[in-house]
Amino acid sequence: DINGDARVRALGPFYERRAAADGKSLWAVHPLVSTLRDPADQREETDAVWPILISKHHRNYWQWRLAGVGLWRDYDITKPDSRYSLWFLPVYFQGRGKDGAPYFAVFPVGGKISDILIWDSVTFALFPIYGHARIGGLETDAYLWPSVSMTGDPQGVTRRAFVFPFYGSSQRQYDFDKHFLLWPFWTSVRYYYPNSHGYGWILFPLVGHVRTSRHALDRRG
């Protein structure tokens, strides 16, 4: 066309080839295989019997997915000791984390997994009998998850303990102190925020009361 782009189609929707003047290209035999390339962005994606196998390259990053359960990621293919992961969900986990340490796990038997969802690391043994999770400076130990868990940080700023649904407490220094008994029947809280300090409690579903400095200011206003 007038932009210098070319497109070829054959056998109805089955064969397609495109080449753009800026170097982008597409080659496909639908639905068996397709390859999309963008040299300027150093990007390439190949699908085989989509969504059975999907392979993606972007600069030094390489990823493939197999049938929605297999996942391989290499975060820098130019470095033999780079961060990587090989997962076959939800059973097999192997890789090297951001910290350079290798990990391995077979669910639910035991092991360690790094950089999964929101957690920096998860360690477990005969899940749900025991589990340990770390996110930032917070570490959580859980027994018979989610029934019993304890969370804290080395500085003692945040502390949480739960024996669900019988008892639970959550404290963050200078912010709040929360408790429950036989959740959701009894809950209580005390706030220490500079602009909103006070307390509250609820005996569900009968009665509840909250009193904070913000409420008092709102009433005076």
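Each remark here, short or long, concerns the structure printed above.
Reading the values: the criteria
Residues numbered from 1 in each chain as written. Predicted model: local features only at pLDDT ≥ 70, side-chain atom pairs only at ≥ 80, totals over all residues. Heavy atoms only, no water. 1 Å grid on protein atoms, 1.4 Å probe; cavity = no way out; pocket = protein on both sides within 12 Å on 5 of 7 lines; lining within 4 Å. Points joined across faces, edges and corners; volume = space filled by probe spheres on them. Helix = DSSP H or I, 4+ residues; strand = E, 2+ residues; numbered from the N terminus. Nonpolar A, V, L, I, M, F, W, Y, C, P; charged D, E, K, R; others polar. Pairing = 2+ DSSP bridges. Salt bridge = Lys/Arg side-chain N within 4 Å of Asp/Glu carboxyl O. Buried < 20%, exposed > 50% of the residue type's maximum accessible area, 1.4 Å probe, protein only.

Draft legend 1. Up close: empty space enclosed by the protein. The tally for this structure, following the rule as stated, stands at one cavity of 30 Å³ or more. Counted as a void, the largest cavity has a volume near 40 Å³. Taken together, Arg73, Tyr75, Arg83, Tyr84, Ser85, Trp87, Arg96, Tyr103, Ser114 and Asp115 form the lining of the largest cavity. Residue assignment for the lining of the largest cavity shows that the elements contributing at least two residues are strand E9 (84-88) and strand E12 (110-116). At three residues, the largest contribution of residues to the lining of the largest cavity is made by E9. Here the residues of the lining of the largest cavity are counted per class, giving four nonpolar, two polar and four charged.

Draft legend 2. Here's a closer look at the pairing of strand E18 (residues 167-172). Bridge analysis of strand E17 (residues 158-163) against E18 gives six bridges, and the strand direction is antiparallel. By the bridge assignment, Ala161 is partnered in E18 with Ser169. Note that E18 and strand E19 (residues 176-181) share six bridges and pair antiparallel. Looking at the pairing, Gln171 lines up with Asp177 of E19. The loop that links E18 with its antiparallel partner E19 comprises three residues; one of these, Tyr174, has a positive phi angle of about 70°.

Draft legend 3. Highlighting the pattern of salt bridges. Enumeration according to the criterion identifies nine salt bridges in this entry. Arg18 serves as the salt-bridge partner of Glu16, at 3.1 Å between the closest nitrogen and oxygen. The exposure class assigned to Arg18 is partly exposed, which follows from its relative accessible area of 38%. The shortest N-O distance in the salt bridge between Arg37 and Glu44 comes to 3.5 Å. Relative accessible area serves as the criterion here: at 40%, Arg37 is assigned to the partly exposed category. For Glu44, a relative accessible area of 28% gives the class partly exposed. Each of Arg7, Glu16 and Arg18 takes part in salt bridges that share partners, so that together they form one network.

Remember, this is a structural readout, not a statement about activity or role.
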